[in-house]
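# Structural overview
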Amino acid sequence: MSTGRAVKRRRVAKKSDKDPILHNIQKLEKKPERLSKTPDGVIVLFAPNAGGSLPSDGSLSPVVLLEEALTRVVPNVIVAIAHGIRGAGGCSEKALGQYHSFVRGILKDHPGDWPVIMVGASFGCRLSVHYHAAIVESRVQRASIGDVCGSKYRISKETAPTKWKSKPSDHGAIIDRVVGMIFFGYPLYHSKYDRIQPLGHLREASVVEFIVGTEDETGMGGNVTGSRPSKSRENMQIFSLARKNMMCKSILCRIKGGKHNPIDIKPKSTHAVIRSKLVQHIEEVTRLLVTRDTEAISKLQKDFQLQH
């Protein structure tokens, strides 16, 4: 990772399916310019993919990009990764309980005045949403693909998520610390299950950013005929539909040519350009999140495309 400043990374937990990895990033040289409301640090809670691990993309890893952007914003960054939570059963009571144990363990050891940003990759995006909204994923199937993400989509009580029955008493206090969510490769498309409706349960005061690749077949949904689109120009329809059903503020950052890991694009010679633009964008968004500048957030461009 190269940010132009020296940083120190300290691992305080071994990498395993049971233990999170914790990165403590501290400035060794000049600190960034401080706004009057900028906190001393920020905590990033990162939920990985359905296999419970992160994509091995080196400098293209979402974690590396976040670290690089956030160390330009605040002097201390804690990035905690929730390894080992499997997504085969969806966002179930069990998965939410496992994630809460991880979150509680991280936050109890760090300053209570540091804001929290929830970040996800693939399944980890959905897990973050269900945890934040305290809802369990519905496994009731829709009748057809068109009912899920086509032009005929309607909110259905039959496929609505249910309340998290075993929600811990400290869940609300934890969510009060969350200033925003950033999602890499949100898997919004599913041929049978409704993945749009849960997003509508997020708090109205929340801020969500979707960072998606225009060639991501896992994230994109059906076109007006209800079939799975094969052209990149069609794959943003489901995100437009989902954002219309959300009560909170949302930003859609489309990366031209990006795959399920939106930073993994072709040709590879364009990686450096896209990477630089994305880090700069994440820096801008996270600076507004950690300072809770809601007025500036509302003025951000809400739908745009990064390209080389």
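Throughout what follows, the structure given in this document is the object of discussion. As a convention, each chain's residues are numbered from 1 in the sequence order in which they are written. The predicted origin of the model limits local features to residues at a pLDDT of at least 70 and limits the giving and counting of side-chain atom pairs to 80 or more, whereas totals for whole chains, interfaces and linings rest on all residues. Values reported for side chains reflect all heavy atoms of the structure, with hydrogen atoms and water molecules removed beforehand.

Our focus in this paragraph is the side chain of R254. Mapped onto the secondary structure, R254 falls in strand β10 (residues 249–255). Under the rule applied, a polar contact is a pair of N or O atoms within 3.5 Å (in protein, one hydrogen donor and one hydrogen acceptor; residues adjacent in sequence only if both atoms are side-chain atoms). Side chain to side chain, R254 and D303 meet in a polar contact 2.9 Å long. Every helix listed is a DSSP run of H or I at least four residues long, and every strand listed is a run of E at least two residues long, numbered separately from the N terminus.

Turning next to the side chain of S128. Mapped onto the fold, S128 is located in helix α3 (residues 123–133). In this structure S128 touches A47, Y99, M118, V119, G120 and F183, once residues within four positions along its chain are discounted. A contact between two residues is defined here by any heavy atoms of the two lying within 4.5 Å.

The subject of this paragraph is the pattern of salt bridges. If the charged atoms of two oppositely charged side chains come close together, the side chains can form a pair. We count a salt bridge whenever a side-chain nitrogen from Lys or Arg sits within 4 Å of a carboxyl oxygen from Asp or Glu. What the rule picks out here adds up to 11 salt bridges. Notably, a salt bridge pairs R72 with E283, separated by 3.3 Å at the nearest N-O pair. Of this pair, R72 sits in the loop between α1 (62–70) and β4 (76–81) while E283 sits in helix α7 (residues 271–290); the two residues are 211 residues apart in sequence, bridging distant segments of the chain. By relative accessible area, R72 is classed as partly exposed at 22%. R243 is the salt-bridge partner of D303, the closest N and O atoms lying 3.9 Å from each other. Here D303, found in strand β11 (residues 303–306), pairs with R243, found in helix α6 (residues 237–244); they are 60 residues apart in sequence, far enough to count as distant. Residue class for D303 comes out partly exposed when judged on its relative accessible area of 35%. Buried means the residue's accessible area, taken with a 1.4 Å probe over protein chains only, is under 20% of the maximum for its type, while exposed means over 50%, and partly exposed covers the values in between.

Turning our eyes to something else, we now look at the layout of surface pockets. Its volume calculated, the second largest pocket comes out at about 220 Å³. In this analysis, the protein atoms alone were mapped onto a 1 Å grid. Cavities are point sets where a 1.4 Å probe fits without being able to get out; pockets are open sets with protein on both sides within 12 Å along at least five of seven lines; lining residues have an atom within 4 Å of a point. Taken together, 13 residues form the lining of the second largest pocket, with V178, V179, A205, S206 and R292 sitting closest to its centre. Each residue is assigned to one of three groups, with Ala, Val, Leu, Ile, Met, Phe, Trp, Tyr, Cys and Pro labelled nonpolar, Asp, Glu, Lys and Arg labelled charged, and all others, Gly among them, labelled polar. Taken together, the residues of the lining of the second largest pocket break down into seven nonpolar, three polar and three charged. Grid points are joined across faces, edges and corners, and a volume is the space filled by probe spheres set on the points.

With that out of the way, let us pick up empty space enclosed by the protein. Throughout the structure, instances matching the rule amount to three cavities of 30 Å³ or more. Roughly 50 Å³ of volume is contained in the largest cavity. Looking at the largest cavity, the residues that line it are R126, H130, E137, Y186, Y193, D194, R195 and P198. For the lining of the largest cavity, the class distribution of residues is three nonpolar, one polar and four charged.

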